[in-house]
Amino acid sequence: MPNYQLSHLKELESESIFVLREVAAQFENPVILFSGGKDSILMTYLAVKAFYPARVPFPLLHIDTGHNFQETLDYRDMLVEKYGLRLIVGSVQEAIDKGEIAEEKGFNASRNNLQTHVLLQAMEQGKFDAAMGGGRRDEEKARAKERFFSHRDEFGQWDPKNQRPELWNLFNGRKNFGEHFRVFPISNWTELDVWQYLAEEEVPLPSLYFAHQRPVFRRDGILLADSPHIPRRPEEEVFTTTIRCRTIGDTTCTGVWESTAATIEDIIAEVAISRVTERGGRADDKRSETSMEDRKKQGYF
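Because the structure is predicted, anything quoted here is derived from the model rather than measured.

Observations regarding helix α5 (residues 115–126)
Phase 1 of the analysis: Here α5 contains twelve residues, and its C-alpha end-to-end distance of 16 Å stays within 8% of the 16 Å for a straight helix at 1.5 Å per residue.
Phase 2 of the analysis: K127 sits one or two residues past α5 and shows a positive phi near 55°.

Remarks on the pairing of strand β9 (residues 239–244)
Phase 1 of the analysis: Two elements, strand β7 (residues 212–219) and β9, share five bridges in a ladder whose sense is antiparallel. Across the sheet, residue V216 finds its bridge partner in β9, namely F239.
Phase 2 of the analysis: Here two bridges tie β9 to strand β10 (residues 255–258), and the two strands are oriented antiparallel to one another. When the sheet's bridge partners are listed, R244 is paired in β10 with W257.

Focus: the sheet that holds strand β3 (residues 87–91)
Phase 1 of the analysis: The sheet built from six strands is open, its strands ordered β3-β2-β1-β4-β6-β5 with mixed pairing. Each edge of the open sheet is held by one strand with a lone partner, namely β3 and β5 (149–152). Sheet twist, expressed as the average angle between the axes of neighbouring strands with direction ignored, equals 30°.
Phase 2 of the analysis: Relative to strand β6 (residues 180–183), strand β4 (residues 130–132) runs parallel, the two being bridged by three bridges. In the strand pairing of β6, A130 is matched with F181.

Regarding helix α3 (residues 70–83)
Phase 1 of the analysis: The terminal C-alpha atoms of α3 lie 21 Å apart, and with 14 residues this matches the ideal 20 Å at 1.5 Å per residue to within 8%.
Phase 2 of the analysis: Those residues of α3 not exposed but buried are T72, L73, Y75, R76, L79 and V80. Down the axis of α3, the sector holding all buried residues measures 165°, keeping them to one side.
Phase 3 of the analysis: Looking at the packing, one finds that the buried side of α3 touches α2 (38–51), β2 (60–64) and β3.
Phase 4 of the analysis: Two residues or fewer past α3, G84 is found with a positive phi of approximately 65°.

Criteria and cut-off values
- Every chain is numbered independently, its residues counted from 1 as its sequence is written.
- Local features in a predicted model are, by the rule used here, given only for residues with pLDDT of at least 70; side-chain atom pairs are given and counted only at 80 or more, and totals for whole chains, interfaces and linings are based on all residues.
- As a convention, hydrogens and water are excluded, and side-chain values are obtained from all of the structure's heavy atoms.
- Helix and strand labels come from DSSP, where a helix needs a run of H or I of at least four residues and a strand needs a run of E of at least two; each type is numbered from the N terminus.
- In this analysis, the expected span of each helix is defined as 1.5 Å times one less than the number of residues it contains.
- Two strands are counted as paired when DSSP detects at least two bridges linking them.
- Here an axis means a line fitted to C-alpha atoms, over the contact stretch when the element is a helix, while the angle between two N-to-C directions is reported on a 0 to 180 degree scale.
- Working definition: with a 1.4 Å probe on protein chains only, accessible area under 20% of the residue-type maximum means buried, over 50% means exposed, and in between means partly exposed.
- Note that the arc is defined by the directions from the helix axis to the C-beta atoms.
- We call two residues contacting when some pair of their heavy atoms lies within 4.5 Å.

Given below as structure tokens:
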């Protein structure tokens, strides 16, 4: 009997590898946007497969907010060394110190939005004409509007009403001077697909994704990891419980989930029955109903 699940994952793998190779063929200086989350890890792993036995021809670009989980940075450095990748780091803290951007103030302050300036600056300085991201269409309604090849104008901005058709896997990477593309090779994957594939391929993952004890506090219905970067209100009491991350980003906006899923098989079972999307715990997405789309129009990932 054929393994239909494996066949489905292999089709997704083939599609993503095809897109990665199209990027290498159509663009002069592409880069992989790396956050340290499972989707960017998957994309990097697929790039290793796509060009093996040669090295991945794209560098990784990580926008470091200065408020990352240490586990994310440790994993990033391990991955770079393991596959011999080139890493470029854009620093939000450095941009703040130079006076290019202003730190947010107050209890809900976050550096997540400040990444946009640093990302666009890194794109300009590196003269990158394509940036590959780990966005998937099932994550959030704004991301569902994106094509595989998503055009950005000379200001790095996205117009969701002016996207190019993609028929029969034909991707149009033509651009004018100063413009670039965001490319999303795993657009058609779901969260469950990602976990099943990572399990099938036995890809190592950051410990943050697995159940562990951590001090947390509750804010507006979301659990946040206790951190020196997050000022707490007087009524927000810290307690220790067993949690894991479903997404990984800046500590100030990455909600954590109470969970006992200690293995990747446990995570697959948990995701399969969940009725809340993984971004349901992201505080940055709750600033407005169109927060993600607004940030994307400004040049966000």
